[in-house]
Every structure is written in C-alpha cells, then in structure tokens.
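# Architecture and fold: a report
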Amino acid sequence: MKPEDPIVGRSLGKLDGAKLAAGRPAFTDDFPVPGMLVGKILASSRAHARIRSIDTSRAKALPGVRAVLTWQDVPRVPHTTAGQAWPEPSPYDTFLLDSKVRFVGDRVAAVAADTRAIAEEAVRLIEVDYENLPAVLDMEQAMAEGVAVIHDEPDAKGIHDARHNLAGYILKELGDVEAGFREADFVCEREFRTHRQQHCPIEPHVTASWLDPDDRLTILSSTQVPFHARRQVAMILQIPVQRVHVIKPRIGGGFGGKQELLLEDICGALTLATRRPVKIEYTRAEEFFMARSRHPQVLRMKMGVKRDGSITASSLKVLATTGAYGSHALTVQGNTGSKVLPLYRTPNMRFECHVVYTNMPVAGAFRGYGCPQGFFAQESVVDEIAHDLGLDPIEFRRRNLIRLGDLDELSAQLGEGRKGLARTIRSCGMPQCLEEGAAAIGWQEKRQAPPARDGHLRRGVGVACSMQGSSIAGIDWGAALIRMNEDGSFHVMSGASDVGAGADTVMAQIAAETLGVTLDKILVTSGDTDTTPFDVGAYASSTTIISGGAVKKAAEKVRAQIVALGAKFLEVAPEAVVCRDNTVSAADGSGKCISMQDLARRATYKEKMQVMDHASHFITDSPPPFCAQFAEVEVDTDTGQVRVLHLATAIDCGVALNPALAEGQVEGAVAQGIGYGLYEEMAIDGQGVMRNPNFLDYKILAANDMPKLTTILVPTEEPLGPYGAKSIGEVAINGPTPAVANAIFHAIGIRFRKLPIRPEDVLRAWREKNRQEQPAAVTR
C-alpha cells in the first residue's frame, strides 16, 4: 500500500484475525475464573402449566451443589428480554423465574454446582408438580374466544390485549387503498406462510459472572448489547446500574439472537446467591428450544396494477406469533411492513398485523428482522404480476422501484424509529444492481430461451429485490473516545459490539483515515461498559453508520488538536498543516514536518496536554441499502430436489469501507437466506416439543452445499454515512428465498408460497401439475 492510498475502501485484514487463527483466548468460554461454578437451568417439560409445588431438597443435599433458585428465591420484576433502547417497545411480560411456564424450555429453576455433572444431576433431582393448562399451539386459533390465556398475570405491562393473547397490533394506511384497488386493471392477492428459523451460531449463548474486589457484579457474556444488558440486569436483580459491569469478548456468531437477555440475569442471580463465579452455557439442544428464532408469519399480499404495469395500491396483512413471550414482537413485524412495502412506488399502501402469543418457542430478533418474510410474499406477487402481464420481471421492477429523491412516508408511521421521521432516499444504486446482477447470472439468454431441460432436470432463473435500513432513525446512537499515546499511536474506545463481522477493524480504518495514520497505529477497545462510552449495540444494521459516525467525529476533533499543535511546532498557519502517513507536515512547500510520535511526546511532556476527544452520533434517518439477487436453480422432477447452482448478489451499501469484509457479510447472509427457503425447519410436535434440536436433523448449508456465489458491490455515496457508507449486514438475507422460489417457477411453472420449499412439496406439486393447470395469478 502506498502512503497516499486511502485506508477506507481497502480490503485490510481483521485486527483480530491472527489471534483467532492461532486459537488464542478470545471468547467467553476461553476465560476461566478461579473457583468458577457451573450453572444449569431446569427447563419446563410442559408447554403450558402452573407450578403447584417445587421440591429442591434432594438437589440441595447433593454434594457439590452451592445454590438452587426457584421463583420463590428471586425478585419478581416484569421485564422484556429484548435488548432494545429504553423505554423498550416490547411488552414487559417476562420474569427471572415464575410460577407459571409458557413453553417447553421455559425456566423452572437454576442451580450452581462445582462441576457440570453435579449441576446436571441436581437439575434431575428437582421435583416439580405441574398443573397442566390447555396449550395454545396454533397461531390461527390464539385469538379465538375461550382459548386459554397465556399471560394472565396482573403485573405484566404493555400487552395489547392479554385476554385474546394479542401481544401487539398494527394498522397503518397511506392514501386510499380501496380506491387504488378499484382503479386497478388487475389485482393479485395471495397467501404465504413462513416458518421458524434458528440462528445456529457456532458459539451458543454463554455467560460468566463474578463479584470483583469492590463487590460489583461483573458479567462476561456473548452479547450484542452490553449496555442494554447492564441496564436490564440491574433492574431485574434490583441493584444499582453502577454495581454492574458487562464485558463483551469476541462473539462466535450472533445474527440477532444475542440481542437478547437470556443468561446474564440468571447467571448474575446465582453469583449473588453463592458469592462465587458462575458460568452458564447452553447446549446445542438448549440453543434450539430455549433461545430465540425467526417469527413465523401468515402473510396476505394484495397488489393492484394498471395494464401499463404501474402499481395503484398494495396491501399486506400479517398474522405472526411471538411464541410465549413478546420479545421484539411489535418491532419485527413493523419492519415487515415498513421496510418491504415502500420498495415499490404507489400512493396507496396499507399494513395490518396481529402478533399473537402461543405456547411455542419464543421468537425474537434475527438478521433481516421481519424483512425476509415480507419480501418472500411481495417479490413472489411482483413476479406473478409481471408474468401475467407479459412483462420481463426485471422491467416490471425497474418501472416501479423506489428512486433517488423519493420520500418514504410509510417509514414515518411504521417500524422502530421515532414516529414522524419519513425516510428520504439520498443514495440509490438499485438500477445498477439490477443491470449488473442480471449480467452476472446470464439473465437475457436464460430467460429468452425456454427453460433448460435435461431429462428429469429442469433449470430456471429468478430475481428478487429488497432493501433494509441503516440504524433505527432518531433512536440509535453511539459514542467514541480517542486518545493519542505518547508514541503517536491512538487508542479508540468505542461502545460498538463487534459480533465477528469486523466492526473493530472498520472503526480502526475510519479513525486511521481521519487522523492520517496507518492502521497499525490504531488500538481499539470496544464493548466494555466500564471503559468505553455508550453505544446501543450491534443490531438494526447500525454499527457502521452510528458507531462509525461517532468514531469519525471524535477523530476529526482529535485531528483538529493535532493540526493546532502542528501549526505551532512547524510555525505555519493551521490551514497549511497536513496529516498523512504518520507525519504532520506543512503543505506550503517548505518541507517542514514532524512525526506523529515526536508531536505526541512534545504535547505530553512539553505542552502538558493530553491529545484526546470524544463524540456522540445519531441520525434522524435510516438510509436503505439496496439489493438485487438472482438465482439459478435445477429442479429434479423425479425427486423434487431443488439445487441452487448460482446465486448472484448485486448490492448498494454506499461506499464499502472494507470490501472483503463486506463481501463476507453478503455471502453469510446468502447462505442463511437459501437455508431459510429450502432446508431449515424447526419440527415441533403436538405437545410443543422440538423434535430436531441438533445439526443432524436440523439442516443448515455446509460448505459443499453452497452454490457458486457472485457478489457485486455497486458503489454509491450516502451523505449521512461515514465516508459515504451504508449498512450491509442484513439486506442480503432478504432476497435468496424469493429469488429461488421465482427461479423454481421459471423452471417448472409452479409457484410455492409456503416455506421451506421441501422436496416432497415440489414432487407433489409437480405430479398435480401434470393433472391440472394452475389458475391465473391475477383477477379483475
């Protein structure tokens, strides 16, 4: 790299890459604490029951058991497990431990013991007398009269209608939707069904806690939200916030599942009870049914169009289940409307959603945050309409997609952001995404000719478009502090949470670029509530634009101090000072210069000055990244097997500050998106028990299952982002499922509207198609 080359926009290696490759301690489980006890949670075996009595005497008598906690031993504080900014928009319907269980996997009791074996035996020795209650397992029956009430506790807060198991409700409309449908020449209305998907992080949830020498509760946890976790733990355990210290080490995958308080509170309670260090780690099975998953939805998508292909109205009605607790219930489903419907221009939009409780595993935040479900419905309907109008699917989209300068008024009413803040499209590379993605997949030749056939094998190509956001407008914010060391290096302290995507590296690149130093001069500390300033955490695709924005602001302030010192030492005007390649020099041609190291030493020992500053950052908009994704599939009509051959993603994330890391984010999202559409399924029986909580029976893509991937970064410049950047971590998960579904239609002429698209479903539909043609997609 030449000295004058920029640092942002380059594929530089991750700061922690060598440490991770060498296997050095990095993750929560890598840091043993002397005297550490092992914690274990007794999970409910019933989907819905009251605890008549619980006998812990045998467990307490077991040698090596140090504590056993039930609902009778801990504070009763209603709260949400959602790691969201205060005041959280999720219901306060959860308790540390309760006398009622609401799903198979709910907490009943917790133990701490000398070893894992003793803890597991102690859990088995706890005797629970349950009063079984009728279980509500079907979300379509959850609101019916006479159905069991899941949350009948009087101290829960924020539930929309507990008597009808309704956690939340949304109804928003722009324009006159019914008039728009009357104006249409054609109307397409279809129902779609989506399912649960588990995050499947390689590292399950794991937390350790201990009391420091000042008797403060220290929590080391694999969390995306250390500052929210600190606040929530303090509230739940009824101790001051200042008595809680949360440290986030390296995280082995989060994907939204660790934007949740699942172990920190109960682990802390065991530490307070024993006054000993305690660690709790989910097994893989527990991660499946005790952690979180994607919200299942039933979606009814309706769209009206004129003969020329213009859209007159769109409507999306959603029924979703949040499972037993309302974590992220309203905000996930709000995104299903706010991030999805505005992708296509129409003056008339309506979104309605019921979010119901069921006695099923709890849903929560998951990469895409409600958008994969919505885009599956919308992109399938858009494709059907284009087909029935005789238009190329790309051309129909091109005519109707949101454009540069448009005002997204639905975002002012929906989603997580502060109400009344409409989103303005200040950067948009969607036209180029469509063009470059189509070229990469060979769209023209593969769509103009009849679908390729080789006996029982049929090939097809499909497309899907999507967008997301970059932070929660008007709510998300973060801060950074930068200090110059006496050797001319800089210590960046950021509250941002690097969840494995390389946030620390990107923060370092932003700081180095702004300060005019090389990357090796930047040290980053992040995600520690004692040593770093506040940040909301890693979610809502906010890290680059919010945390990076704070780092850039702080670096600009520090640079101003360096420029002032440089002007003094070099005896030139401040406007003539240049910071570049670890050197402060005069730009007047005099050749005067001083190294950053010499400047730092003179500032420290001669000027008696600490070069340091901080900044906070938030924005009142949420710039959307855009994505066009193209799939080529091969369908085996003898077995129903669908194989994805090629998945091309063209994505506008503004300026990619580190293209290699950006491409890695896209490829990971694509893998999860394909799995969501074709393979992954939580099989839950009629008793609410998950039957496949392991990687043998729950199918995720392995390396040899992956198709050919093409990732195209389409450059735009977002004025609200640091150095023109927008988000990239979530948007690419939205399109693979509808692109694959549309490609299947192109291959065999059958639409699939229920996920996952399993081989048996494909085979059954293929055989039925040979007996009966499908009805037209649009009706007058």
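Description of the structure in this document.

Cut-offs used in this document
Residues numbered from 1 in each chain as written. Predicted model: local features only at pLDDT ≥ 70, side-chain atom pairs only at ≥ 80, totals over all residues. Heavy atoms only, no water. Helix = DSSP H or I, 4+ residues; strand = E, 2+ residues; numbered from the N terminus. Rg over C-alpha atoms; globule rule 2.2 N^0.38 Å. Buried < 20%, exposed > 50% of the residue type's maximum accessible area, 1.4 Å probe, protein only. Contact = heavy atoms within 4.5 Å. Areas by Shrake-Rupley, 256 points an atom, 1.4 Å probe, with all protein chains shown as cover. Lys, Arg positive; Asp, Glu negative; His and termini not counted. Charge placed at Lys NZ, Arg CZ, Asp CG, Glu CD. 1 Å grid on protein atoms, 1.4 Å probe; cavity = no way out; pocket = protein on both sides within 12 Å on 5 of 7 lines; lining within 4 Å. Points joined across faces, edges and corners; volume = space filled by probe spheres on them. Nonpolar A, V, L, I, M, F, W, Y, C, P; charged D, E, K, R; others polar.

## Side note on the overall build of the protein chain
Summing up its helical and strand segments, the protein chain has 18 helices and 29 strands in all. Here the C-alpha atoms of the protein chain give a radius of gyration of 27 Å, agreeing with the 28 Å that 2.2 N^0.38 yields for 780 residues. C-alpha atoms of the protein chain, sized along the principal axes, occupy 90 × 75 × 50 Å. Looking at the 780 residues of the protein chain, the share that counts as buried comes to 62%. Contacts spanning at least 24 positions in sequence make up 80% of the contacts within the protein chain whose residues lie at least 6 apart. Element-wise, carbon and sulfur atoms account for 51% of the exposed surface of the protein chain, whose accessible area totals about 28,200 Å². Positive and negative side-chain charges of the protein chain, numbering 87 and 95 respectively, have mean locations separated by a distance of 0 Å.

## Description of empty space enclosed by the protein
For the structure on display, the rule yields three cavities of 30 Å³ or more. The space that makes up the largest cavity amounts to roughly 220 Å³. Lining the largest cavity are 19 residues, with Thr 94, Asp 106, Arg 107, Arg 292 and Tyr 325 positioned closest to its centre. Residues of the lining of the largest cavity, tallied by class, amount to nine nonpolar, four polar and six charged.

## Here we look at unusual backbone geometry
For residues other than glycine, phi is negative in most cases, and the peptide bonds are mostly trans. Each neighbour pair has its own omega, and for Trp 86 with Pro 87 the value is -5 degrees, a cis peptide bond. Note on placement: Pro 87 falls in the loop between strand 3 (65–69) and strand 4 (100–101). With an omega dihedral of -10 degrees, the bond running from Leu 755 to Pro 756 counts as a cis peptide bond. With respect to the helices and strands, Pro 756 occurs in the loop between helix 17 (736–748) and helix 18 (759–769). In this structure, Cys 200 is a non-glycine residue whose phi angle is positive, near 55 degrees. Among the structural elements, Cys 200 can be located in the loop between strand 8 (186–193) and strand 9 (206–211). The buried category is assigned to Cys 200, whose relative accessible area is 9%. At Arg 275, a residue that is not glycine, the phi angle is positive and equals roughly 55 degrees. Checked against the element boundaries, Arg 275 lands in the loop between helix 6 (264–274) and strand 12 (278–281).

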